[in-house]
Amino acid sequence: MISILLADDQNLIRAGFRALLDAEADMKVVAECGTGRDAVRLARQWHPDVVLMDIRMPDGDGLEATRQILSDAALPGTRVVILTTFELDDYIAEAVRAGAAGFLVKDTEPAELLRAVRIVHDGDALLSPSVTRRIMAQLARHSRAAEPPVALDRITDREREVLQLVGEGLNNAEIAGRLFITPLTAKTHVSRIMAKLMVRDRAQLVVLAYESGLVRPGWAG
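The chain is annotated in an unreviewed UniProt entry as DNA-binding NarL/FixJ family response regulator of Pseudarthrobacter defluvii.

Put into structure tokens, the structure is as follows:
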């Protein structure tokens, strides 16, 4: 059962999402709230698998709440998906840097929302190649000059290839097709890279790939 926390200051949106999610046999909304402060409090209380987080809320916005939740050692299994009205929300890049597993626009199709929750729960990231390019280009404009961190010395040449493709926004099946390996092998490579580079999830691997210079805006696709 995937436990979910809804954090959005619009009651109607929360009600709609809750009805959709609770209708699924493998999902349950354990709590909901309308402020960033309450999102952090309820996450610590319920330890949800997935938090659907509005980026703009009163009393602590979704970005700060995301930082607090994902930096909490007591919540190692909680993943955050940012909800936004606009795909190019200025806060999205910073949310990904903070560790968010990706984002959804609020008018996404119901089936896509359900798919997204399952994808994130399984440890993948909601970062398509086109979205990745836009987000990371924005991130790069506001970040320091890329300098490959010493940490990249910990990974093999093959793992660097995989990391570059993760940075381009490819999922495991797409990486497998590009490198002529099985999806399971691709998944194993990604898991080993995360362990070696000590990052929380796939979204942070994308950030690392860009910040290290392994991938640059415009290379993807």
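This part covers the overall build of the chain. A tally of helices and strands in the chain yields 10 helices and five strands. Burial status across the chain gives 52% buried among its 221 residues. Expressed as a percentage of contacts within the chain between residues at least 6 apart in sequence, the contacts between residues at least 24 apart total 68%.

Taken together, the five strands give an open sheet; going across it, the order is E2-E1-E3-E4-E5, and neighbouring strands pair in parallel fashion. Strands with a single pairing partner mark the edges of an open sheet, and in this sheet they are strand E2 (27-33) and strand E5 (102-105). Between one strand axis and the next, the sheet turns through 25 degrees on average, direction left out of account. In the sheet, strand E1 (residues 2-7) pairs with strand E3 (residues 50-54) via four bridges, with the strands oriented parallel. Looking at E3, one finds that Ala7 is bridged to Met53. With respect to the sheet, helix H5 (residues 110-121) is in contact with E1, E2, E3, strand E4 (79-84) and E5, its orientation differing from that of E3 by roughly 125 degrees.

A few words now on unusual backbone geometry. One non-glycine residue, Asp59, lies in the positive phi region at around 55 degrees. Position of Asp59 relative to the elements: it lies in the loop between E3 and helix H3 (62-70). Non-glycine residue Phe180 carries a positive phi angle of around 60 degrees. Here Phe180 shows up in the loop between helix H8 (172-179) and helix H9 (183-197).

Attention now moves to the packing of H8 against H9. H9 packs onto H8 with a crossing angle of 110 degrees between their chain directions and a minimal axis gap of 8 Å. With respect to H9, the axis of H8 lies roughly perpendicular. Note on element contacts: H9 touches H8 through Pro183, Ala186, Lys187 and Val190, opposite Asn172, Ala173, Ile175 and Ala176. Looking at side-chain class alone, the contact of H8 with H9 contains six nonpolar, one polar and one charged residues.

Counted at 1.5 Å a residue, the expected span for H5 with its 12 residues is 16 Å, and the 17 Å between its end C-alpha atoms agrees. The complete set of buried residues in H5 reads Leu113, Leu114, Ala116, Val117, Ile119 and Val120. In this structure, the buried side of H5 is in contact with E1, helix H1 (11-22), E2, E3, E4 and E5.

Counting 24 residues, the largest nonpolar core has Val162, Leu163, Val166, Ile175, Ile193, Leu197 and Leu205 as its most contacted members. When residues of this core are traced back to their parent elements, those giving at least two are helix H7 (157-167), H8, H9 and helix H10 (202-211).

Tallying each qualifying case throughout the model produces 16 salt bridges. With a shortest N-O distance of 3.0 Å, Arg115 and Glu112 are connected by a salt bridge. Separated by three residues within a single helix, Arg115 and Glu112 lie in helix H5, roughly one turn from each other. Note on Glu112: relative accessible area 30%, which makes it partly exposed. Arg160 is paired through a salt bridge with Asp153; the nearest N and O atoms lie 3.8 Å apart. A residue is classified by how much of its surface remains accessible, and Asp153, at 61% relative accessible area, is exposed. The structure contains a network of salt bridges with shared partners spanning Arg14, Arg18, Asp22 and Glu32.

This paragraph deals with the side chain of Asp72. Relative to the assigned elements, Asp72 resides in the loop between H3 and E4. Residue classification places Asp72 among the buried positions, given a relative accessible area of 18%. Separated by 2.8 Å, the side chains of Asp72 and Arg44 make a polar contact.

Attention now moves to the pairing of E2. Burial within E2 is extensive, with five of its seven residues counted as buried. In this structure, E1 lies alongside E2, joined through six bridges in parallel fashion. Pairing of Ser3 across the sheet is with Lys28, part of E2. Between the parallel pair E1 and E2, the chain is carried across by H1, and the sense of this crossover is right-handed.

Rules of the game
- Position numbers for residues start from 1 in each chain and track the written sequence from start to end.
- Where local features are concerned, this predicted model is filtered to residues with pLDDT of at least 70; where side-chain atom pairs are given and counted, the filter is 80 or more; whole-chain, interface and lining totals use all residues.
- Heavy atoms from the whole structure form the basis of all side-chain values; hydrogens and water molecules are not counted.
- In this description a helix means any DSSP run of H or I spanning at least four residues, a strand means any run of E spanning at least two, and both kinds are numbered starting from the N terminus.
- Think of it in three bands: with a 1.4 Å probe and only protein chains considered, a residue is buried below 20% of the maximum accessible area for its type, exposed above 50%, and partly exposed in between.
- Contact definition: two residues touch when any of their heavy atoms are within 4.5 Å.
- Strands qualify as paired when DSSP identifies two bridges or more between them.
- Axis definition: a line fitted to C-alpha atoms, over the contacting stretch in the case of helices. Angles run 0 to 180 degrees between N-to-C directions.
- For this classification, under 35 degrees means roughly parallel, over 145 means roughly antiparallel, 65 to 115 means roughly perpendicular, and everything else is oblique.
- Note on residue classes: Ala, Val, Leu, Ile, Met, Phe, Trp, Tyr, Cys and Pro are nonpolar, Asp, Glu, Lys and Arg are charged, and everything else, Gly too, is polar.
- Given the number of residues in a helix, its expected span is that number minus one, multiplied by 1.5 Å.
- By nonpolar core is meant a set of buried Ala, Val, Leu, Ile, Met, Phe, Trp, Tyr and Cys residues that side-chain atoms within 4.5 Å join together.
- A carboxyl oxygen of Asp or Glu within 4 Å of a side-chain nitrogen of Lys or Arg is what we treat as a salt bridge.
- Polar contact criterion, stated in full: a pair of N or O atoms within 3.5 Å, where within protein one must be able to donate a hydrogen and the other to accept it, and residues adjacent in sequence count only if both atoms are side-chain atoms.
- Handedness of a crossover: with both strands directed away from the viewer, a clockwise path from the first strand across the helix to the second marks it as right-handed.

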